[in-house]
Amino acid sequence: MSLLKEKLQEKIAIERPRTEKLLKEYGNVKVDEVTIGQIIGGMRDIKSLVTDISYLDPYEGIRFRGLTIPEVLEKLPKVPGAEMPYVEGFYYFLLTGDLPTENEVNAIHEEFNSRKQVPDYVFKIIKSMPIDSHPMTMFATAIMSMQKDSIFAKKYHEGVKKTDYWQYYFEDALNLLAKLPEIAAFIYRLKYRNGDIIPPDPNLDFGGNFAHMMGIAKPYDDISRLYFILHSDHESGNVSAHTGHLVASALSDMYYAISAMLNGLAGPLHGLANEEVLRWLHGVYAQLGGKIPTEEEMKKFVNDTLDAGKVIPGFGHAVLRKTDPRYMAQREFCLKHLPDDPLFKYVDLLFKVVPDILLARGKAKNPWPNVDAQSGVIQWYYGVKEYDFYTVLFGIGRSLGVTANIVWARALGYPIERPKSLTTKMLEDIAFGKK
Ligand code: HAX
């Protein structure tokens, strides 16, 4: 058994009795009450999911396994000569909750290396798609196409114990994650670099190898590591994480769950917002002929967008009520590496003007920037100018968190998800007191 699997098995043995005790002895304890506003309003804030992998405090932002983003970036083992930690070590941390040693990081690196060969048919399938297909469609399709290789699906049909399900989801998770950087880079080079594909380098780490296959020099390796880590997990209720969890709760395997997750991520109110931000910024840029706008000019663009009934992409959040620390981590990177970039200046100006405008209009509950407000600017600066690719990068990162959550969901035996619906008439009866 691999080192990571062994460690996970130890952790699962500790965690299972906690869940069992809660269910058996405290199953009827009330946690929350639900209002009609929440039922109609996208289930906002209803406490109805469990995860120990990350927690999103509305005012503090995300913590991964109890650590803030700056703590994660500081404490996890770093790639020699790099500013950012190994993605491999971060995945170990997400799965086990323990900071890995260098040895443990190396062990996962080897695991990924031994599983990363992408079957040739996957490339053929991507190539057979219309070249103007959205890269997210290509990415999700590539993942779906590998479903036939799911170890869980095979074992399930052979007949395995429920308590062992997690082991096969774990195998599928590693097999899938190991292949994502190459598939994503392949899509990028096929669509935007005339199919000039760069083969992987087994000596490089997850982030370094991705940068290498994208054909982009340093510090793009660190940007990739930072991206994958920042986008990995944001509790379980967001559309992508929840979709992955929901689909896997039917015992659909990891391939089905992760491709479904990507389809949820591809919506403009969620992961596609990073693409929308750049599209919007470039509209402003073009209208001003590349000049840095004054605050007044920028305010006018923001107000015009809102008056046209559109949202300001990259601002607002369903849970957060302050500036997203994922935004701040990327802003710090920009301040260090690209402080004079005109697009970064645009984004910084937006940070200055948008919150007051949204507050004054009184609709958005959170006027502050989210992760997507900053991420495209960095990609653009380092040469990834095709913004419809940005959500694919988000998707690689999100796969780390969602696969980890799905492995744990099976380990703790969470059942198939099935909330209850009511009719509008039933809600009216409750509202008008005719229960
Ligand atoms: N610009 C304009 N209006 C906004 C807004 C924004 N950035 N954010 C919220 N609002 C509006 C909503 O559209 C809503 O209007 P209606 O009542 O007319 O429907 C109102 O303010 C209340 O919304 P809310 O309760 O504050 O926000 P929601 O929880 O409903 O939605 C969203 C959260 C993130 C979808 C929303 O803030 C938004 O559309 N933001 C822009 C898109 C974006 O950046 N998405 C990425 C979010 C982070 C993420 O998931 N990344 O993957």
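Structure: above.
Reference entry: report on the structure contained in this document. Only a predicted model underlies this, so the values are computations on that prediction, with no experimental measurement involved.

Here's the deal with the site of the ligand
Near the ligand lie 21 residues; those nearest to it are His-270, Gly-314, Phe-315, Lys-365 and Asp-372. Contacts to the ligand include Gly-314, whose backbone N or O atom sits 2.7 Å from an oxygen atom. Backbone polar atom of Phe-315 to a nitrogen atom of the ligand: 2.7 Å apart, as the coordinates give it. Burial of the ligand by the surrounding chains reaches 76%, relative to a free accessible area of 910 Å². Grouping the amino acids of the shell around the ligand by side-chain chemistry returns 11 nonpolar, six polar and four charged.

Quick notes on a nonpolar patch on the surface
Judged by side-chain polarity, Val-34, Ile-36, Ile-39, Ile-40, Leu-422, Met-426 and Ile-430 come together as a nonpolar surface patch covering roughly 600 Å² of accessible area. Sorting the residues of the nonpolar patch by element identifies α2 (36-40) and α20 (424-431) as the ones contributing at least two each. With three residues, α2 is the single largest residue contributor to the nonpolar patch. Its location among the elements puts Ile-36 in helix α2.

With respect to the pattern of salt bridges
Under the definition given, this model contains 30 salt bridges. One salt bridge connects Lys-300 with Asp-304, and the closest N-O pair in it is separated by 2.8 Å. Here Asp-304 and Lys-300 lie together in helix α15 (residues 295-307), a separation of four residues that amounts to about one turn. By relative accessible area, Asp-304 is classed as partly exposed at 36%. Members of the salt-bridge network, linked through shared partners, are Asp-205, Lys-218, Asp-221, Asp-222 and Arg-225.

Analysis parameters
- Residues numbered from 1 in each chain as written.
- Predicted model: local features only at pLDDT ≥ 70, side-chain atom pairs only at ≥ 80, totals over all residues.
- Heavy atoms only, no water.
- Near = heavy atom within 4 Å.
- Polar contact = N/O pair within 3.5 Å; in protein donor to acceptor, adjacent residues only side chain to side chain.
- Areas by Shrake-Rupley, 256 points an atom, 1.4 Å probe, with all protein chains shown as cover.
- Nonpolar A, V, L, I, M, F, W, Y, C, P; charged D, E, K, R; others polar.
- Patch = residues over 30% accessible without salt bridge, like charges linked within 9 Å, V, L, I, M, F, W, Y side chains within 5 Å.
- Salt bridge = Lys/Arg side-chain N within 4 Å of Asp/Glu carboxyl O.
- Helix = DSSP H or I, 4+ residues; strand = E, 2+ residues; numbered from the N terminus.
- Buried < 20%, exposed > 50% of the residue type's maximum accessible area, 1.4 Å probe, protein only.

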